[in-house]
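# Fold and geometry: a report
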Amino acid sequence: MIIAIDGPAAAGKGTLARRIAQSLGLPYLDTGLLYRAVGRRVLDAGGNPADPIMATKAAEDLQEEDLDRSDLRGGPADKAASQVASIPGVRAALLAFQRQFGSRNGAVLDGRDIGTIIFPHADIKFFVTASLEARTIRRHAELLARGETVPLDVVRADLAARDDADAKRIAAPLKPARDAVMFDTSWLDADAAFVEAMALIDKRLNPGPRQGDLPA
Ligand code: DC
């Protein structure tokens, strides 16, 4: 079974995806980490993450262990990830990685293009959004919890810039799949979002009798 969860940064995709995966006993892949790890590899080699040749090579050489690094979040990694994510060669190399991951035992994957490009035939697709204000407050709290004090205005501007880059890039822009279930978490906490998502998954997997079906 493949469950695809897409949406902008700080919308609550990761928390939801992790809980769904745990509850259904499925492997979970945070695909943002792939782009972050590719950006890191390029930075480590002293290169420029916007260089398509270096970045594509780094994506082709990516190993699962790269995702366990502790330096994949924070300023330089965020920027490098966003730069490599707009390079078609990087996306092509990571497409194979993601499909292999999902095809082994099924998976819950979260990202920007899981339901549109990576697994267009996923069993269920969610597009998780929240207002810029709600996401700003969440990301600000996350940063504070990690000991980083970044002014709210800076967090808001950073998220808006990433939304813009993700939505406008030519290679796999962020957009909901036509058959995605839209999920706005602006006013839903993590528990409520999980309960609602599991109810939808249950309904999709166990559709019950359709109108017009004859009783046995
Ligand atoms: O979700 P995140 O913030 O960890 O993602 C890091 C970067 O990678 C971000 O700029 C969006 C990009 N990304 C992408 O283009 N496609 C994905 N499936 C996941 C992330």
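Think of each chain on its own: its residues are numbered from 1, step by step along the sequence as written. Restriction of local features to residues with pLDDT of at least 70 applies here, the model being predicted, together with a cutoff of 80 or more for giving and counting side-chain atom pairs; totals for whole chains, interfaces and linings are based on all residues. As a rule here, side-chain values cover all heavy atoms of the structure and leave hydrogens and water aside.

## Focus on the site of the ligand
- The rule for a residue being near a molecule or strand is that one of its heavy atoms must lie within 4 Å of it. Neighbouring the ligand are 14 residues, the closest being Arg36, Arg91, Arg112, Arg162 and Arg169.
- Identification of polar contacts relies on pairs of N or O atoms within 3.5 Å, with a donor-acceptor requirement for protein atoms, meaning one able to donate a hydrogen and the other able to accept it, and with residues adjacent in sequence counted only if both atoms are side-chain atoms. At 2.8 Å, a side-chain N or O of Arg91 approaches an oxygen atom of the ligand.
- Within the side chain of Arg169, a nitrogen or oxygen atom sits 2.9 Å from an oxygen atom of the ligand.
- A 1.4 Å probe and the Shrake-Rupley method give the accessible areas. Residues count as covered only by the protein chains that appear here. Contact with the protein chains covers 96% of the free accessible surface of the ligand, which is 450 Å².

## Here's the deal with the packing of helix α1 (residues 13-24) against helix α9 (residues 190-205)
- To get an axis, a line is fitted to the C-alpha atoms, and for a helix only the part in contact is used. The angle between two axes follows their N-to-C directions and goes from 0 to 180 degrees. Only DSSP runs of H or I with at least four residues qualify as helices, and only runs of E with at least two residues qualify as strands; both kinds are numbered from the N terminus onward. It is at 10 Å that the axes of α1 and α9 come closest, and there the two elements cross at 50°. As summarised for this structure, α1 and α9 are arranged oblique, according to the angle between their axes. Judged by the sense of rotation from one axis to the other, the crossing of α1 with α9 is right-handed. Counted together, Thr15, Leu16, Arg19, Ile20, Ser23 and Leu24 of α1 and Ala190, Asp191, Ala193, Phe194, Ala197, Met198 and Ile201 of α9 form the full contact between these two elements.
- Gly is put with the polar residues, along with every residue not named as nonpolar or charged; the nonpolar set is Ala, Val, Leu, Ile, Met, Phe, Trp, Tyr, Cys and Pro, and the charged set is Asp, Glu, Lys and Arg. In terms of residue class, the contact of α1 with α9 is built from nine nonpolar, two polar and two charged. Reported orientations rely on four angle classes, namely roughly parallel under 35 degrees, roughly antiparallel over 145, roughly perpendicular from 65 to 115, and oblique for the rest. By the definition used in this description, the sense in which the near helix is turned from the far one sets the handedness, with an anticlockwise turn below a right angle giving left-handed and a clockwise turn giving right-handed. We call two residues in contact when some of their heavy atoms are within 4.5 Å.

## Quick word on the confidence of the model for the chain
- Confidence scores labelled pLDDT are given residue by residue by the predictor and lie between 0 and 100. For the chain, the average pLDDT comes to 93, and 97% of its residues sit at 70 or higher.
- Per-element mean pLDDT across the chain ranges from 90 in helix α4 (residues 75-85) up to 98 in strand β3 (residues 107-111).

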